[in-house]
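# Structural characterization, general
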Amino acid sequence: MKRTIAHELMEQGIEIGEQRGEQRGIEIGEQRGVVRAKREAILKVLHFRFGDVPDTLTRKIGRMRSLQRLDSILTQAVEVQSIEDIEA
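So, here is what we can say about the structure in this document. Note that the structure is a prediction, hence the values are computed from the model and not measured. (Residues numbered from 1 in each chain as written. Predicted model: local features only at pLDDT ≥ 70, side-chain atom pairs only at ≥ 80, totals over all residues. Heavy atoms only, no water.)

### Notes on the overall build of the protein chain
Put simply, the rule is: A run of DSSP states H or I qualifies as a helix once it reaches four residues; a run of E qualifies as a strand once it reaches two. Both are numbered from the N-terminal end. C-alpha atoms define the radius of gyration, and 2.2 Å times the number of residues to the power 0.38 defines the globule rule.
Helix and strand content of the protein chain: three helices and zero strands. Ordered by position in the sequence, the α and β elements of the protein chain form the string α-α-α. In summary, the protein chain has a C-alpha radius of gyration of 22 Å against a globular reference of 12 Å for 88 residues, an excess of more than 25%. The principal-axis extent of the C-alpha atoms belonging to the protein chain is close to 75 × 20 × 15 Å.

Below, the structure written as structure tokens:
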């Protein structure tokens, strides 16, 4: 069967789409890993400084997805005088 220019272009488009999808998947996975690591760091700092971390605060931190917000909470975890001062 004779290949047409349209078939060639379709195959190239599919290949490019697959590459972009794969790259996007990697980026999403990396971001999720960073979010998870920040959450864990926050909880470790809080546990180290204050002992037990209330379940409500642990759940709130566990639901956070914003890296900016997590950075803010991490800074608070280091600076606040009591765990009740965390603004999660």
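Now that the structure is up, let's keep going.
### A short note on the pattern of salt bridges
As a reminder of what qualifies: For salt bridges, the criterion is a side-chain nitrogen of Lys or Arg within 4 Å of an Asp or Glu carboxyl oxygen. Throughout, exposure labels follow a simple rule: accessible area from a 1.4 Å probe, protein chains only, divided by the maximum for the residue type, with under 20% read as buried, over 50% as exposed, and the rest as partly exposed.
Applying the stated rule across the entire model yields two salt bridges. Residue Glu27 is joined to Arg24 by a salt bridge in which the shortest nitrogen-to-oxygen separation is 3.6 Å. With Glu27 and Arg24 both in helix α1 (residues 5–50), this residue pair falls three residues apart, about one helical turn. Among the ionic pairs, Asp71 bridges to Lys38, the shortest N-O distance being 2.4 Å. With a gap of 33 residues between them, Asp71 in helix α3 (residues 67–79) and Lys38 in helix α1 connect regions that are remote in the sequence. By relative accessible area, Asp71 is classed as partly exposed at 33%.

### A short note on the packing of α1 against helix α2 (residues 55–63)
Packed helix pairs are characterised by how far apart their axes lie and by the angle those axes make with each other. Stated formally: Under this scheme, a helix contributes an axis fitted over its contacting stretch, all axes are lines through C-alpha atoms, and angles between N-to-C directions fall in the 0 to 180 degree range. For this classification, under 35 degrees means roughly parallel, over 145 means roughly antiparallel, 65 to 115 means roughly perpendicular, and everything else is oblique. Should the near helix be turned counterclockwise from the far one by less than a right angle, the crossing is left-handed, whereas a clockwise turn marks it as right-handed. The criterion used for residue contact is that any of the two residues' heavy atoms lie within 4.5 Å. Side-chain classes follow a simple rule in which Ala, Val, Leu, Ile, Met, Phe, Trp, Tyr, Cys and Pro form the nonpolar group, Asp, Glu, Lys and Arg form the charged group, and the remainder, Gly included, forms the polar group.
Relative to each other, α1 and α2 sit at 160°, their axes nearing to 9 Å. It follows from the interaxial angle that α1 and α2 lie roughly antiparallel. Crossing handedness for the pair α1 and α2: right-handed. The segment α1 lies against α2, with Arg39, Ile42, Leu43 and Leu46 engaging Leu57, Thr58, Ile61, Gly62 and Arg63. Grouping the amino acids of the contact of α1 with α2 by side-chain chemistry returns five nonpolar, two polar and two charged.

### A closer look at the nonpolar core
Put simply, the rule is: Nonpolar core, defined: a set of buried Ala, Val, Leu, Ile, Met, Phe, Trp, Tyr and Cys residues in which side-chain atoms within 4.5 Å join the residues together.
In this structure, Ile42, Leu46, Leu57, Ile61, Ile73, Ile83 and Ile86 are the most contacted members of the largest nonpolar core, which totals 13 residues. Among the elements of the structure, α1, α2 and α3 are those that each provide at least two residues to this core. Residues in contact with Leu46, not counting those within four places in the same chain, are Gly51, Val53, Leu57, Ile61, Ala77, Ile83 and Ile86.

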